[in-house]
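Okay, here's what each chain looks like letter by letter:
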Amino acid sequence: MLTDPIADMLTRIRNAHLALHKEVSVPRSKMKEALAAILKQEGYVDDVRVGERDITIELKYAKGRPAISGLKRVSKPGRRVYVNCRAIPRVQNGLGICILSTSRGVLDGVSAQAEKAGGELLCEVW
């Protein structure tokens, strides 16, 4: 039994990039669908296909190097991290994104600041 499915998803993406795989498959949930959609929207992955039971993420490479150089799970089941809309962190001095779970849905940090919505800081991607 998985205790942290989001961390499992991020670890699968990280391991697939290290092994230079073209795609990775993760079990499906609404939260993971929203995370994958944000990664595609921000240009970190090429494509996201949602199946009946799983999500297939097509990884992106530039000149043989992964588009994602780092993934970090911030809020964990044992320690939840919540931020105000004015305290949303800048990741890698603006070169990365943070993803939040807000009352308006799962948003990246810039969109959350624009909508003045704080929430649980899920992860950072750079």
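As shown above, the structure is provided for reference.
Residues numbered from 1 in each chain as written. Predicted model: local features only at pLDDT ≥ 70, side-chain atom pairs only at ≥ 80, totals over all residues. Heavy atoms only, no water.

1. Brief notes about the overall build of the chain
And step 1. The helix and strand inventory of the chain stands at three helices and 10 strands.
And step 2. Taken from the N to the C terminus, the helices and strands of the chain come in the order α-β-α-β-β-β-β-β-β-β-β-α-β.
And step 3. Taking 2.2 N^0.38 as the reference for a compact globule, 126 residues should give roughly 14 Å; the C-alpha atoms of the chain span a radius of gyration of 14 Å, in line with that estimate.
And step 4. For the C-alpha atoms alone, the extent of the chain along its principal axes is close to 40 × 35 × 25 Å.
And step 5. Counting the 126 residues in the chain, one finds 40% classified as buried.
And step 6. The long-range share in the chain, meaning contacts at least 24 apart out of those at least 6 apart in sequence, stands at 61%. (Helix = DSSP H or I, 4+ residues; strand = E, 2+ residues; numbered from the N terminus. Rg over C-alpha atoms; globule rule 2.2 N^0.38 Å. Buried < 20%, exposed > 50% of the residue type's maximum accessible area, 1.4 Å probe, protein only. Contact = heavy atoms within 4.5 Å.)

2. Structural notes on the pattern of salt bridges
And step 1. Applying the stated criterion across every chain, the model contains nine salt bridges.
And step 2. Of the charged contacts, one joins E33 and R28 as a salt bridge, the two residues approaching to 2.7 Å between their closest N and O atoms.
And step 3. For R28, a relative accessible area of 42% gives the class partly exposed.
And step 4. Residues E120 and R80 are paired through a salt bridge, measuring 3.1 Å at the closest nitrogen-oxygen approach. One end of the pair, E120, is in strand β10 (residues 119–125); the other, R80, is in the loop between β6 (71–73) and β7 (82–83), with 40 residues separating them in the sequence.
And step 5. Look at the salt bridges and you will find they share partners, linking E23, K40, D47, R49 and E58 into a network. (Salt bridge = Lys/Arg side-chain N within 4 Å of Asp/Glu carboxyl O.)

3. What to know about the sheet that holds strand β1 (residues 23–27)
And step 1. Across the sheet, three strands lie side by side as β1-β3-β2; this open sheet has antiparallel pairing. The strands lining the two open edges of the sheet, one partner per strand, are β1 and β2 (45–50). Put simply, the sheet's adjacent strands are angled 20 degrees from each other on average, direction ignored.
And step 2. Relative to strand β3 (residues 54–59), β2 runs antiparallel, the two being bridged by five bridges. Considered in β3, the bridge of V50 is made with I55.
And step 3. In the packing of helix α1 (residues 5–18) onto the sheet, contacts are made with β1 and β3, and the angle to β1 comes to roughly 165 degrees.
And step 4. Each of β1, β2 and β3 is contacted by helix α2 (residues 30–41), which is oriented at about 150 degrees to β2, the strand it contacts most. (Pairing = 2+ DSSP bridges. Axes fitted to C-alpha atoms, helices over the stretch in contact; angles between N-to-C directions.)

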